[in-house]
Every structure is written in C-alpha cells, then in structure tokens.
Amino acid sequence: MSFRDSLSYSRYSRRPISYSNSFGTSSSVLNSLASFRSGPFADISYNSTPDVNEVYPGLFVGDAVAAKDKQFLRRMGINYVLNTAEGKRYTQVDTDHIYYRDCPGLRYKGFQLMDLPSTDISKYFYIAANFIDEAVSSGGRVLVHCMMGVSRSATCALAFLMIKRGMSLAEAIGTVRARRDIHPNEGFIRQLQQLERELRLNRIR
C-alpha cells in the first residue's frame, strides 16, 4: 500500500480540525492543538479495529489495537514496533519483546511513558528518531504507537521528522496531521519547542 493512498483503519471517529498547508506560524499551529486538548474527548466512539495512518513513507502512527494484532502487523509488513506507552498501568500498553517473540524479524523498542504534561518525553527523542530512521532508511516499516496514537506516539514521530528530516515543528505537525489527527499534550509541545530551539542553534554553529 503506497504512501500516496491515505491509509486509515479507524478505531474512533473525531471531528476533523482544519490545518493550513502553508503551515502558518508555529504559534497558530500549537494553539490549534492546545485548544483541542483543553477539552474532553467527548466525541470519540470506540470499536475494536486497528487505527493506523502512514504519516511519512514507512512511518505509521497508531493505537494499541493495531500494536496487539500481530496478524495485522504481518499483513501491513510492519517489521519495527516502537511502543511509547509500555507498561501495565492505565493508558499504557502491555507489550514487550516477549509479546512479539513469535514475529520473526520484528524489532521492538518500548518507552514507559504516561500521557501527562509533566512526563519527560524529551529524553527519548533521539532514541526514537534513531530507531525510526533505521527502519525507514532500510526500506522497512515502523509502527509507532501508544494507547490511542495521538499524543505520545505522535510526539516521537514529530521528533523524528525534526531531528532526521530537518523539519521545523510546524512543518512536522503539518506533515503528520495531513494524514492523522494528532494532539500531543501541552507539556510534550513545550518539549518539542525546546528541541526545535536546540536544533536551530546546532545548525547555525
């Protein structure tokens, strides 16, 4: 299945939020995300099918249902899985290396993160970026997921695009949101803004 074809296995429905392809200002993009996160997810309806989108060639962002469906992963040709919500607590996804032991050739990495503004996700930015880059640069397919595929996993996907593909935060958000409705929490957005500042400084030195 090509990147050009919009891949979406919908687990829940949400009213779309418009986004300008010209990216606009970084603050306008971030305000759009922040305003959504300020309210409850009242318009989400659940079912049991995988919710996955290919947001960049070879890079898929999705939910726990997709990650736990090993037959689905095989059909999709996913050979890398990054679980950004590893663990057994509420909103975490209980998978690990052992869970995928019957998936030959599949590489797994897990981060034990909670979807909270106070969580330090930035310490995983470069680890995630290197893992995703290894997958896509070798012609593989990587699923980056959390519980719902909108905050923790999306944040790591954005970090990859910024670190490895040289995108600004606004450009990365535009790239991902063209294929998937994502909403990192405000703490993750602040950490991505700090990453953007650091990358900008490194590039002008």
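All figures in this text were calculated on a predicted structure; none of them were measured in a lab. (Residues numbered from 1 in each chain as written. Predicted model: local features only at pLDDT ≥ 70, side-chain atom pairs only at ≥ 80, totals over all residues. Heavy atoms only, no water.)

Turning our attention to the packing of aromatic side chains. Following the criterion strictly, the structure yields 5 aromatic pairs and no others. Between Tyr-100 and Tyr-108 the ring centres are 5.5 Å apart and the planes differ by 35°, which places this aromatic pair in the tilted class. The exposure class assigned to Tyr-108 is buried, which follows from its relative accessible area of 7%. Geometrically, the ring pair formed by Phe-111 and Tyr-124 is stacked, given 4.3 Å between the ring centres and 20° between the ring planes. Of the two residues, Phe-111 sits in the loop between strand E6 (107-110) and helix H4 (125-137) while Tyr-124 sits in the loop between E6 and H4, which places them 13 residues apart along the sequence. (Phe/Tyr/Trp six-rings, centres within 6.5 Å; stacked < 30°, edge-to-face > 60°. Buried < 20%, exposed > 50% of the residue type's maximum accessible area, 1.4 Å probe, protein only. Helix = DSSP H or I, 4+ residues; strand = E, 2+ residues; numbered from the N terminus.)

A few words now on the pairing of strand E3 (residues 52-56). Residues in a regular strand point their side chains to alternate faces of the sheet. When you tally the buried positions in E3, you get 5 out of 5 residues, the bulk of the element. Here E3 hands over to strand E4 (residues 59-62) after 2 residues, with Gly-58 in that stretch at a positive phi of 85°. (Pairing = 2+ DSSP bridges.)

For Asp-51, the position within the fold is in the loop between strand E2 (45-46) and E3. The exposure class assigned to Asp-51 is buried, which follows from its relative accessible area of 5%.

What follows deals with the environment of Gly-58. Checked against the element boundaries, Gly-58 lands in the loop between E3 and E4. Gly-58 gets classed as buried once you look at its relative accessible area, which sits at 8%. Separated by 78 residues in sequence, Gly-58 and Val-136 have C-alpha atoms that sit 5.3 Å apart. If we ignore the near neighbours within four places in the chain, the residues touching Gly-58 are Val-136, Gly-140, Arg-141 and Val-142. (Contact = heavy atoms within 4.5 Å.)

Moving on, we come to the UniProt feature "active site" (unreviewed entry) in the protein. Per the UniProt record, "active site" (unreviewed entry) is annotated on Cys-146. Examined against the element boundaries, Cys-146 turns out to sit in the loop between strand E7 (142-145) and helix H5 (152-164). Cys-146 sits in the buried class, given a relative accessible area of 2%. If we skip the residues at most four places from it in the chain, Cys-146 touches Gly-62, Asp-63, Ala-64, Thr-84, Ala-85, Val-93, Ser-151, Arg-152 and Ser-153. (UniProt positions renumbered as here; feature names shortened; annotations may be inferred.)

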